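# Fold and geometry: a report
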Amino acid sequence: MAGTEPCDGCGTPTEDPLARTVQLRVDRSEVDSQRLCPECFADWIERYRTRMQPGSDESAVDTDADIIVD
């Protein structure tokens, strides 16, 4: 029997064959990893698609906010 772990989005137990893992890597180092049920994964994809849409306010890059001076 496949193992069940909770979804990081909603906490619902999700069997391995249904779970999706979303990983964010920067310069080959893992920044974030989430295990998501099918519904939360669909929501994540929709948010990503909306935010990356050309002309979206959320896709605009504020270059001054991205600069870190140490």
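Residues numbered from 1 in each chain as written. Predicted model: local features only at pLDDT ≥ 70, side-chain atom pairs only at ≥ 80, totals over all residues. Heavy atoms only, no water.

The name given to the chain in an unreviewed UniProt entry is Small CPxCG-related zinc finger protein, and the organism recorded there is Halobellus ruber.

## Description of the pairing of strand β3 (residues 20–26)
Relative to strand β4 (residues 29–36), β3 runs antiparallel, the two sharing seven bridges. Its bridge partner being in β4, glutamine 23 is matched across the sheet by serine 33. The hairpin formed by β3 and β4 contains two residues between the paired strands, and aspartate 27 there has a positive phi angle of roughly 50°. (Pairing = 2+ DSSP bridges. Helix = DSSP H or I, 4+ residues; strand = E, 2+ residues; numbered from the N terminus.)

## Comments concerning the side chain of threonine 14
By the element assignment, threonine 14 lies in strand β2 (residues 13–15). Accessibility expressed as a relative area gives 3% for threonine 14, which makes it buried. At a separation of 3.1 Å, a polar atom in the side chain of threonine 14 contacts the main-chain carbonyl oxygen of threonine 12. If we ignore the near neighbours within four places in the chain, the residues touching threonine 14 are Gly3, Thr4, Glu5, Cys7, Ala19, Arg35, Cys37 and Pro38. (Buried < 20%, exposed > 50% of the residue type's maximum accessible area, 1.4 Å probe, protein only. Polar contact = N/O pair within 3.5 Å; in protein donor to acceptor, adjacent residues only side chain to side chain. Contact = heavy atoms within 4.5 Å.)

## Some details on the nonpolar core
Cys7, Val22, Leu36, Cys37 and Cys40 form the largest nonpolar core, which has five residues in total. With residues up to four places along the chain from it excluded, the contact list for valine 22 reads Asp32, Ser33, Gln34, Leu36, Phe41 and Trp44. (Core = buried A, V, L, I, M, F, W, Y, C linked by side-chain atoms within 4.5 Å.)

## Concerning the pattern of salt bridges
Taken as a whole and judged by the stated rule, the model has three salt bridges. A salt bridge links arginine 35 to aspartate 16; the nearest nitrogen and oxygen atoms lie 3.1 Å apart. Here aspartate 16 lies in the loop between β2 and β3 and arginine 35 lies in strand β4, a separation of 19 residues in the sequence. Owing to a relative accessible area of 17%, arginine 35 belongs among the buried residues under this scheme. Residue aspartate 16 is classed as partly exposed on the basis of its relative accessible area of 41%. (Salt bridge = Lys/Arg side-chain N within 4 Å of Asp/Glu carboxyl O.)

## Here we look at the side chain of arginine 35
For arginine 35, the side chain forms a polar contact with the main-chain oxygen of threonine 14, separated by 2.6 Å. Excluding its chain neighbours within four sequence positions, the residues that come into contact with arginine 35 are Gly3, Glu5, Pro6, Cys7, Asp8, Gly9, Thr14, Glu15, Asp16, Ala19 and Arg20.

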